[in-house]
Amino acid sequence: MEDKLELKSETKVTGGRLAFYRHHSEVTDSHMSFSVYLPPQAEERNLPVLYWLSGLTCTEENFMIKSAAWRYAAQYGLMLVAPDTSPRGLNLPGEDDDWDFGSGAGFYLNAAQAPWSGHYRMYDYVVKELPALINANFPTKPDRISISGHSMGGHGALVIGQRNQQTYSLVSAFSPICAPMTCPWGQKAFSNYLGDDRETWKQYDATEILAGADTALPMFVDQGTVDGFLAEQLKPELLEKVCREKGFQLELRYQEGYDHSYYFIASFIGDHIAWHARTLNN
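Heads up: these notes are all about the structure in this document.

About the cut-offs
Residues numbered from 1 in each chain as written. Predicted model: local features only at pLDDT ≥ 70, side-chain atom pairs only at ≥ 80, totals over all residues. Heavy atoms only, no water. Salt bridge = Lys/Arg side-chain N within 4 Å of Asp/Glu carboxyl O. Buried < 20%, exposed > 50% of the residue type's maximum accessible area, 1.4 Å probe, protein only. Phe/Tyr/Trp six-rings, centres within 6.5 Å; stacked < 30°, edge-to-face > 60°. Helix = DSSP H or I, 4+ residues; strand = E, 2+ residues; numbered from the N terminus. 1 Å grid on protein atoms, 1.4 Å probe; cavity = no way out; pocket = protein on both sides within 12 Å on 5 of 7 lines; lining within 4 Å. Points joined across faces, edges and corners; volume = space filled by probe spheres on them. Contact = heavy atoms within 4.5 Å. Core = buried A, V, L, I, M, F, W, Y, C linked by side-chain atoms within 4.5 Å. Pairing = 2+ DSSP bridges. Bend = angle between axes of the 7 residues up to and from the residue. Polar contact = N/O pair within 3.5 Å; in protein donor to acceptor, adjacent residues only side chain to side chain.

Some points on the pattern of salt bridges
Per the stated rule, a full pass over the model turns up 12 salt bridges. A salt bridge links glutamate 10 to arginine 17; the nearest nitrogen and oxygen atoms lie 2.7 Å apart. Its relative accessible area of 44% is what places glutamate 10 among the partly exposed residues. Judged by its relative accessible area of 28%, arginine 17 is partly exposed.

Observations regarding the packing of aromatic side chains
For the coordinates displayed, the defined rule picks out 19 aromatic pairs. Aromatic side chains tryptophan 116 and tyrosine 193 sit 5.8 Å apart centroid to centroid with 85 degrees between the ring planes, which places their arrangement in the edge-to-face category. Pair noted here: tryptophan 116 is in the loop between strand 5 (79-83) and helix 3 (122-137) and tyrosine 193 is in helix 5 (residues 184-194), with a separation of 77 residues, a long-range link. Both residues of the pair, tryptophan 116 and tyrosine 193, count as buried. A centroid spacing of 5.8 Å and a plane angle of 70 degrees characterise the contact between phenylalanine 264 and phenylalanine 268, whose relative ring orientation is edge-to-face.

A look at the layout of surface pockets
Of the pockets and cavities examined, the largest pocket occupies roughly 190 Å³. In this structure, the largest pocket is lined by 13 residues; those nearest its centre are Leu56, Thr57, Cys58, His150 and His260.

Section: the environment of isoleucine 147
Tracing the chain through its elements places isoleucine 147 in strand 6 (residues 140-149). Among residues more than four places away in sequence, those in contact with isoleucine 147 are Leu50, Tyr51, Leu53, Val126, Ala157, Ile160, Gly161, Tyr168, Leu170, Val171, Ser172 and His276.

Focus on the nonpolar core
Phe34, Phe107 and Tyr193 are the most contacted members of the largest nonpolar core, which has 67 residues in total. If one sorts the elements of this core by residue count, helix 3 sits on top with eight residues. Core analysis: the second largest hydrophobic core is formed by 25 residues, Phe20, Cys58, Phe63 and Leu280 among them.

Some words on the pairing of strand 3 (residues 30-38)
Within strand 3, eight of the nine residues are buried, which leaves it mostly tucked inside the rest of the structure. Strand direction decides the pairing type here: strand 2 (residues 16-25) and strand 3, joined by nine bridges, are antiparallel. Looking at strand 3, one finds that leucine 18 is bridged to tyrosine 37. Here strand 2 folds back onto strand 3 in antiparallel fashion, the turn holding four residues, of which aspartate 29 has a positive phi close to 50 degrees. Pairing analysis gives four bridges linking strand 3 to strand 5, with the strands arranged antiparallel. Counted as the bridge partner of serine 35 is alanine 82 from strand 5.

Some points on helix 10 (residues 262-280)
Remark: the principal bend of helix 10, roughly 50 degrees, maps to phenylalanine 268. For helix 10, the capping residue at the N-terminal end is serine 261, with a side-chain oxygen 3.2 Å from the backbone nitrogen of tyrosine 263.

From the geometry alone we can't say anything about function, so treat these as descriptive.
As structure tokens, this is what we get:
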């Protein structure tokens, strides 16, 4: 393994290996962290990869620790990769003032406004730098990858997947921010990271991207019915509407009684990994 990857910790789980790494990112000009789950099959052959993007305040640890996704990744022979949600520790003004902006809230875009533009380039990090690093250091099948995520990370997965249909096979999400231009979280992030020109916001809004697209990757979305953010922040009905109008494949399931938490994710992550595996392993 290349020496630019620093192994922070590793542990055996479900017959495979869960490891946490740190490295210097040229894209964000900062140190970045990510986690990798290598199922037992990685000892014998190269594997497809499912990238997971986490939500506001999360790190590279939350999904791996709380979702038990490795149980299903081992069953289906998929590698899991989960990056941190932003650069950290840069001492930028306002970086740690709010839980929904700055540290832990990179929104998977390339910031265009100072002081964020020099570091908060999570779109390029996820699309370009991280996959190159993973492919160079782990037994992957570079042409067999898909993407998923939760909340802010669900937004990131939808945007990144649909803007890079030649790279990813499928997109799934839990409780995604479907139309960030229309919700407080998205408006706060976009205005500060991107500026006041709302036309530039559209490239990071999944509903807007799909409205202007001729094709789309298949999408699988789970949404809890008692999610406290559902009406004001998430707005899956807008995603459903544009997919219906355009004839795009979307399976949107409303899960009765479930909220926005990792208990919700853990309850249905097996369905998502099986869905990705059917295509990635075919």
